[in-house]
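For reference, the chains in residue letters:
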Amino acid sequence: MTTLVLCVDRSNDVGRKAGVATPVVGWEAVRSLVTDLGLSDPEDAGVNSLLESLRVARDLSDEGEEAVVAVVSGDGDSAVRADRALARQLDEVLAARSYDSAVVVIDSAADERAVPMIESRLPVDAVDRVVVRQARDLESTYYLLKQFMADEELRETVLVPIGIGLLILPPLLVYFSPAIAVAAVATLLGAALLYYGLGIDEIVESFPERAREALYSGQVSVVTYVAGLGLSVVGVFLGLLEASDSDPAAGEFVAAMSFVYAAVPWLALAALTASFGRLLDELIRDEGVRTPYLNLPFGVLAVGLLFRGFAGFFLEREAGWDALRLFGHTFTASERLAVFVVGSILLALVGVRVAASVTDETLDDVIEEAPSGPAGDTGGESGR
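In this text, all values refer to a predicted model and were calculated from it rather than measured experimentally.

1. Overview of the sheet that holds strand S4 (residues 101-106)
Link 1 in the chain: The five strands are arranged S2-S3-S1-S4-S5 in an open sheet whose pairing can be described as mixed. For this open sheet the edge positions go to strand S2 (24-25) and strand S5 (124-129), each flanked by a neighbour on one side alone.
Link 2 in the chain: Both strand S1 (residues 2-9) and S4 contribute to a ladder of five bridges, which runs parallel. The residue of S4 that forms the bridge with valine 5 is valine 103.
Link 3 in the chain: With respect to the sheet, helix H3 (residues 46-62) is in contact with S1, strand S3 (66-73), S4 and S5, its orientation differing from that of S1 by roughly 175°.

Pasting the structure below:
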């Protein structure tokens, strides 16, 4: 019975730090790799994983089993590429010799994600998780804090928001109540965590460059985006005026519906203006118009009709608004809502029909091209 003791290095510390190509197979080769990686970075937990792999192989050999130790590592800047590199290296190890089972040695949760892939090729008898005991002790706290302070990205993400919160906390406590002060600091810290957690910082950093490229390339969408932003501001302003003029006795729900009823036409017009500019850019490039840009204007109008219809329904029922009169016929609240719903559905169907008649692009093509860019605009260009 031959057992493969497999050390998994999904993050490719072996290749990056020791400069050794994987897979590495054999007792002497792995023991030499321990020395190379340890000299390169003595603090790397991968050194302990390699030593644990050698220990497991030695123990199995002492028990009379034939054990072969091997190391495989990931490669590339994404999880998919790393796993595919692991699969290729594992297939190379298995092609050189047959094994009855495997013992997988890992040192992190990221490495453990490769276990199902290994199980699909070879029976796995055990998974050995290596945990460095010193990491659990209080004596390493200072060292961990020092490492944390040395990471510039972590300092900007965590320490700067906390520092700002601690600076503004004393003035808030002096001039306001403790509840207001704590709420303000918690809001600040929550906003900072969302800012970095959602990747808004990357969008803000790349926005000037993208705006400069758009201006230099002469895209019409730059102007229409600005116009759409202005129309959105107008819509919000008129919606707030309408909500403030509503009867206070009617309640907050009626005020909210008044805001929606007044703001939705302007917001829909803003979205329609922005999408029209993007559509013009596609026509100017003379590369064919993609299906999403043809569907978007109709979709925006359909959604706007729905919001307007539902808001008008509630206002007519709750706020006593006048019934809708059209072509000499007075519609009840329910008939009014039905007209808007049917109209939005017909408008969406018209958009689908227009898009199908203008372009030959299928939904599968759109889905395949969508992930190629971070913001939709670049995705369509890179996909063609």
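2. Comments concerning the packing of aromatic side chains
Link 1 in the chain: With the rule as written, the count across this model stands at two aromatic pairs.
Link 2 in the chain: Ring geometry for phenylalanine 253 versus phenylalanine 314: centroids 5.3 Å apart, planes at 85°, classification edge-to-face. Pair noted here: phenylalanine 253 is in helix H12 (residues 252-285) and phenylalanine 314 is in helix H13 (residues 291-318), with a separation of 61 residues, a long-range link.
Link 3 in the chain: Of the residues examined, phenylalanine 314 reaches a relative accessible area of 29% and is grouped as partly exposed.

3. Re the environment of asparagine 295
Link 1 in the chain: By secondary structure assignment, the location of asparagine 295 is in helix H13.
Link 2 in the chain: The exposure class of asparagine 295 is partly exposed, given its relative accessible area of 27%.
Link 3 in the chain: Taking the C-alpha atoms as reference points, asparagine 295 and arginine 353, separated by 58 residues in sequence, lie 9.2 Å from one another.

4. Re helix H11 (residues 221-245)
Link 1 in the chain: Taking 1.5 Å as the rise per residue, H11 with 25 residues should run 36 Å; its terminal C-alpha atoms sit 36 Å apart, in good agreement.
Link 2 in the chain: Where H11 is concerned, the buried positions are Ser221, Thr224, Gly228, Leu231, Gly235, Gly239 and Ala243.

5. A few points about the UniProt feature "transmembrane region" (unreviewed entry) in the protein chain
Link 1 in the chain: Summarizing the sequence annotation, UniProt attributes the feature "transmembrane region" (unreviewed entry) to residues 172-196, 216-241, 253-276, 296-316 and 337-356 in the numbering used throughout.
Link 2 in the chain: A helix fraction of 100% and a strand fraction of 0% characterise residues 253-276, whose end C-alpha atoms lie 33 Å from each other.
Link 3 in the chain: Annotated as residues 296-316, this span is 100% helix and 0% strand, and its ends, taken at the C-alpha atoms, are 30 Å apart.

6. Things to note about the pattern of salt bridges
Link 1 in the chain: By the definition in use, this model includes 10 salt bridges.
Link 2 in the chain: For arginine 10, the salt bridge is made with aspartate 83, and the minimal N-O distance between the two is 2.7 Å. Within this pair, whereas arginine 10 is found in the loop between S1 and helix H1 (13-18), its partner aspartate 83 is found in helix H4 (residues 79-96), the two being separated by 73 residues in sequence.
Link 3 in the chain: On the accessibility criterion, arginine 10 (12% relative accessible area) is buried.

Parameters and conventions
Residues numbered from 1 in each chain as written. Predicted model: local features only at pLDDT ≥ 70, side-chain atom pairs only at ≥ 80, totals over all residues. Heavy atoms only, no water. Pairing = 2+ DSSP bridges. Helix = DSSP H or I, 4+ residues; strand = E, 2+ residues; numbered from the N terminus. Contact = heavy atoms within 4.5 Å. Axes fitted to C-alpha atoms, helices over the stretch in contact; angles between N-to-C directions. Phe/Tyr/Trp six-rings, centres within 6.5 Å; stacked < 30°, edge-to-face > 60°. Buried < 20%, exposed > 50% of the residue type's maximum accessible area, 1.4 Å probe, protein only. Expected span 1.5 Å × (residues − 1). UniProt positions renumbered as here; feature names shortened; annotations may be inferred. Salt bridge = Lys/Arg side-chain N within 4 Å of Asp/Glu carboxyl O.

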